[in-house]
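Working through the structure, step by step
If you want the building blocks of each chain, they are given just below.
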Protein chains: 2
Amino acid sequence: MRRFRGEAEYKVDTKGRVSIPAAFRRILEEGDPDWSSGLNPNLVIVYGRRNRKCLEGYSIGSIEIVDNLVSNLPRYSKEREILERLLNSQSLYIQLDENGRIILPSKLRKLVDIQTKAIFVGMGEKFQIWNPDNYISDMNLIEKKSF
Amino acid sequence: MRRFRGEAEYKVDTKGRVSIPAAFRRILEEGDPDWSSGLNPNLVIVYGRRNRKCLEGYSIGSIEIVDNLVSNLPRYSKEREILERLLNSQSLYIQLDENGRIILPSKLRKLVDIQTKAIFVGMGEKFQIWNPDNYISDMNLIEKKSF
DNA sequence: TTGATTTCCATGATTTCCCATGATATAACT
DNA sequence: AGTTATATCATGGGAAATCATGGAAATCAA
């Protein structure tokens with residue numbers, strides 16, 4: 001399966017509408033078993049990650065893989081309970097609109113402090129959505145830490 | 001697997017189109033699991049901002065080797081997320097067109113200061129794309145320093 | 001009934017696609 | 001070897017499709 005790659009910044013309007021990077025749309029389409037040419041693909045947004053000032057987007061296909069992995073963790077283990085909570089309760093389905101946009105509900109925008117701009121960041125099997133300023137800070141942190 | 005070897009300079013037009021050296025095309029074709037005769041191979045361009053004034057091209061096969069290393073780390077671990085960020089956020093897929101060209105997005109051209117000419121440099125498992133002037137300077141630097 | 005949300009349409013900018021051409025090759029044939 | 005076919009290469013231009021974004025009308029909810 002193709003991976004989410006690259007960074008792209010987009011405007012967020014007052015209604016919370018944002019374009020999804022065109023390259024990401026293709027991956028969401030491929031990854032959505034219900035999708036076919038002419039339709040608009042679905043995705044899943046996970047919003048509850050502690051210590052992370054960002055949202056995460058998954059194609060239907062890749063969220064199912066993650067779901068299954070979690071289902072195979074030992075029942076009642078700490079790890080499984082945390083991940084199940086995150087993936088099931090702190091997430092929602094969203095469908096792209098005709099123009100390749102989604103609407104970020106204001107609850108989510110507040111959560112990660114997104115107002116007029118959002119940057120989309122490829123992370124392989126998923127992508128992240130950040131306030132561009134926060135993203136830059138996070139990148140600087142990462143680049144300092146590693147190697 | 002065959003390695004990228006040699007140097008070749010090409011024009012970049014106003015749309016950002018550049019020919020890929022014919023010899024490199026053969027290697028990209030071999031390295032793309034989805035490729036078969038008649039199709040156009042894909043590659044991955046990495047543009048990381050670490051001091052390098054050049055872009056780097058990888059065949060799908062060789063980038064997947066790296067991807068898989070990361071995929072074996074525990075999901076949601078700090079380590080994995082940092083590596084995924086560094087690998088995936090600063091790169092993109094590109095497909096050759098019918099004539100063996102790619103389109104370098106203007107963002108990338110600006111990043112490495114490529115306007116009307118680009119030189120392709122074989123580096124074994126990957127190749128680099130430079131503004132020819134910068135490449136010459138870099139070469140001189142290397143020659144002075146080493147041996 | 002007044003915000004908020006959704007649907008539909010509009011548009012300039014960019015990107016992609018399709019075709020064209022001269023330049024090198026590579027092969028084939030006397 | 002010299003001449004002629006045949007492919008591939010490097011480059012360009014214009015048409016068509018897609019993209020990113022904004023706004024108006026229609027629908028919904030309290």
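The paragraphs below set out a description of the structure included in this document. Not measured: the values here are computed from a predicted model. Every chain's residues receive numbers from 1 upward, in the order its sequence appears when written. Labels follow written order: the first chain is A, the first ligand is 1, and so on. Note on the predicted model: pLDDT of at least 70 is required for a residue's local features to be given, and 80 or more for side-chain atom pairs to be given and counted; whole-chain, interface and lining totals, by contrast, use all residues. Calculated side-chain values reflect all of the structure's heavy atoms, with hydrogen atoms and water omitted.

Attention now goes to the interface of chain A and chain B. If you look at the interface, chain A gives 30 residues, while chain B gives 25 residues. By convention, the term buried area covers the 1.4 Å-probe accessible surface removed from two parts as they join, with the contributions of both added. Taken together, both faces of the contact between chain A and chain B bury some 2,400 Å²; the carbon and sulfur share is 45%. When residues of chain A are sorted by the area they lose upon contact with chain B, R3(A), R5(A) and M123(A) head the list and together hold 29% of the total. What makes a salt bridge here is a side-chain nitrogen of Lys or Arg within 4 Å of a carboxyl oxygen of Asp or Glu, nothing more. Seen at the junction of chain A and chain B, the total is eight salt bridges. Here, two residues are considered to be in contact whenever any of their heavy atoms come within 4.5 Å of each other.

As a further point, take the nonpolar core. The tendency in soluble globular proteins is for nonpolar side chains to be buried as a group. Residues and elements named next belong to chain B. Each nonpolar core is a collection of buried residues, namely Ala, Val, Leu, Ile, Met, Phe, Trp, Tyr and Cys, held together in the definition by side-chain atoms within 4.5 Å. The buried label goes to any residue with under 20% of its type's maximum accessible area, the exposed label to any with over 50%, and the partly exposed label to all in between, with areas taken from a 1.4 Å probe on protein chains only. Of all hydrophobic cores here, the largest spans 23 residues; its most connected members are I45, I102, F127 and I129. When contributions to this core are tallied by element, the ones reaching two or more residues are α1 (22-31), β3 (42-46), β5 (91-95), α4 (106-112), β7 (117-123) and β8 (126-130). A per-element tally of this core places α1 first, with three residues. Apart from residues no more than four positions distant in its own chain, I102 is found in contact with G16, R17, V18, I20, L43, I45, I94, Q95 and L96. In this description a helix means any DSSP run of H or I spanning at least four residues, a strand means any run of E spanning at least two, and both kinds are numbered starting from the N terminus.

This part is about the protein's contact with DNA strand D. Surrounding DNA strand D, one finds 23 residues, the nearest of these being R17(A), R25(A), K15(B), R17(B) and R25(B). Among the atoms of DNA strand D close to the protein, meaning within 4 Å, 48% are from sugar or phosphate groups. We define a polar contact as two N or O atoms separated by no more than 3.5 Å, with the added condition that, inside protein, one atom must be a possible hydrogen donor and the other a possible acceptor, whereas residues neighbouring each other in sequence contribute only through side-chain atom pairs. A distance of 2.4 Å separates a base oxygen of DNA strand D from a polar atom in the side chain of R17(A). Between DNA strand D and the protein, one listed contact pairs a base oxygen with a side-chain N or O atom of N99(B) at 3.5 Å. Contributions of two or more residues to the surface near DNA strand D are made by β1 (7-11), β2 (17-19) and α1 (22-31) of chain A together with β1 (7-11), β2 (17-19) and α1 of chain B. Put simply, Ala, Val, Leu, Ile, Met, Phe, Trp, Tyr, Cys and Pro go in the nonpolar bin, Asp, Glu, Lys and Arg in the charged bin, and everything else, Gly too, in the polar bin. Looking at side-chain class alone, the surface near DNA strand D contains six nonpolar, four polar and 13 charged residues. Here a residue counts as near a molecule or strand whenever at least one of its heavy atoms sits within 4 Å of it.

Right, let's get into the protein's contact with DNA strand C. Every residue lining DNA strand C is accounted for by K15(A), R17(A), N99(A), I103(A), K15(B), R17(B), N99(B) and I103(B). A breakdown of the atoms of DNA strand C within 4 Å of the protein gives sugar and phosphate a share of 15%. N99(A) has a polar side-chain atom sitting 3.4 Å from a base nitrogen of DNA strand C. Grouping the constituent residues of the surface near DNA strand C by class yields two nonpolar, two polar and four charged.

Let's shift gears to the sheet that holds strand β4 (residues 55-59) of chain B. Strand pairing in a sheet relies on backbone hydrogen bonds, with the paired strands running either antiparallel or parallel. All names here are of chain B. Strand order in the open sheet made by the six strands is β1-β7-β8-β4-β3-β5, with antiparallel pairing throughout. The sheet is open, and its two borders are formed by β1 and β5, each paired with just one other strand. Taken over all neighbouring pairs, the strand axes of this sheet differ in orientation by 30 degrees on average, direction set aside. Across five bridges, β3 lies against β5 in antiparallel orientation. By the bridge assignment for β5, N42 is matched with Q95. Its contacts with the sheet place helix α5 (residues 132-145) against β1, β7 and β8, and it is angled at close to 45 degrees to β7. A pair of strands is labelled paired if DSSP reports no fewer than 2 bridges between them. Helix axes are fitted only over the stretch in contact, all axes being lines through C-alpha atoms; the angle between N-to-C directions runs from 0 to 180 degrees.

The next thing to look at is the pattern of salt bridges. A full pass over the atoms with the stated rule returns 22 salt bridges over all chains. In this structure, the salt-bridge partner of R26(A) is E29(A), at a minimum N-O distance of 3.2 Å. Within this pair, R26(A) and its partner E29(A) are both found in helix α1, separated by three residues, close to a single helical turn. Here R85(B) ties to D138(A) by a salt bridge, and the two come within 3.0 Å at their closest N and O atoms. Residue R85(B) is found in helix α3 (residues 78-88), and its partner D138(A) is found in helix α5 (residues 132-145); the two belong to separate chains. Note on R85(B): relative accessible area 3%, which makes it buried. The structure contains a network of salt bridges with shared partners spanning R49(A), R52(A), E56(A), K126(A) and E81(B).

Residue and element names in this part refer to chain A. Pairing in this open sheet of six strands is antiparallel, and the strands run β1-β7-β8-β4-β3-β5 from one edge to the other. Each of the sheet's edge strands pairs with one partner strand only, and the pair in question is β1 and β5 (91-95). Within the sheet, the average angular offset between the axes of one strand and its neighbour, ignoring direction, is 25 degrees. Pairing geometry for strand β7 (residues 117-122) and strand β8 (residues 126-130), over four bridges, is antiparallel. Residue G122 lies in a different strand from β8, and its bridge partner there is F127. Sheet strands in contact with helix α3 (residues 78-89) are β3 (42-46) and β5, and its direction is about 35 degrees off that of β5. On top of the sheet, α5 reaches β1, β7 and β8; it is set at about 40 degrees to β7, its chief contact.

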